[in-house]
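# What the coordinates show
Here is how the chains run, residue by residue.
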Amino acid sequence: MAHRAELIAVGTEILLGNIANTDAQILSEKLAELGINVLYHTVVGDNPQRLRQALELARTRVDIIITTGGLGPTYDDLTNQRSSRLRRWGNGTPPSRYNRTPRSSVPSPPPA
């Protein structure tokens, strides 16, 4: 069975149309190459309650949740804080044990 993914972009600037969500396009293409079905693209402004709701909903409908944006040095960048709470719902492993992929890299497909 193929994995199912949701991409959640965080940032009021995306909702307002100030910037394009190019991360979603690139990630969707790369995930498709890996055989991962992207079922949803969600955009959430810099609001902790709505981000929490989006993460909780995504958790009920996909196997993989990928967040972009919301990681800058300003007070309203909430992605890391909210996703660390979500990670604790899993197997109880502390967030520091999770592998983090640098923003600019996408995993290569497994060898044939």
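Look up a bit, the structure's there.
Just so it is clear, the structure is predicted and the values come from calculations on it, not from any experiment.

Attention now moves to the nonpolar core. Of all hydrophobic cores here, the largest spans 8 residues; its members are Ile8, Val10, Val44, Leu51, Ala54, Leu55, Ala58 and Val62. Where this core is concerned, the elements lending two or more residues are strand 1 (4-10) and helix 3 (48-61). Counting residues per element, this core draws most heavily on helix 3, at 4 residues. Counting 6 residues, the second largest nonpolar core, distinct from the first, contains Leu7, Ala24, Leu27 and Leu31.

Here we take up the side chain of glutamate 6. Relative to the helices and strands, glutamate 6 resides in strand 1. With relative accessibility at 1%, the residue glutamate 6 sits in the buried group. Within the local environment of glutamate 6, its side chain forms a polar contact with the side chain of arginine 61, the two groups lying 2.9 Å apart. Those residues within four positions of glutamate 6 in sequence are excluded, and the remaining contacts are Tyr40, Thr42, Ala58, Arg61, Val62, Ile64, Ile65 and Ile66.

Moving on, we come to the sheet that holds strand 2 (residues 37-44). In space, the 3 strands of this open sheet follow the order 2-1-3, with parallel pairing throughout. A single partner strand is all that each edge strand has here, and the edge strands are strand 2 and strand 3 (64-69). Between one strand and the next, the sheet's axes are offset by a mean angle of 20°, whatever the strand orientation. Across the sheet, helix 3 lies against strand 1, strand 2 and strand 3, angled at about 170° from strand 1, the strand it touches most.

For glycine 45, the location among the structural elements is in the loop between strand 2 and helix 3. For glycine 45, a relative accessible area of 8% corresponds to the buried category. Between the C-alpha atom of glycine 45 and that of glutamate 13, which follows or precedes it by 32 residues, the distance is 7.6 Å. Leaving out residues up to four positions away in the same chain, glycine 45 has contacts with Val10, Gly11, Thr12 and Leu15.

Calculation criteria
- Residues numbered from 1 in each chain as written.
- Predicted model: local features only at pLDDT ≥ 70, side-chain atom pairs only at ≥ 80, totals over all residues.
- Heavy atoms only, no water.
- Core = buried A, V, L, I, M, F, W, Y, C linked by side-chain atoms within 4.5 Å.
- Buried < 20%, exposed > 50% of the residue type's maximum accessible area, 1.4 Å probe, protein only.
- Helix = DSSP H or I, 4+ residues; strand = E, 2+ residues; numbered from the N terminus.
- Polar contact = N/O pair within 3.5 Å; in protein donor to acceptor, adjacent residues only side chain to side chain.
- Contact = heavy atoms within 4.5 Å.
- Pairing = 2+ DSSP bridges.
- Axes fitted to C-alpha atoms, helices over the stretch in contact; angles between N-to-C directions.

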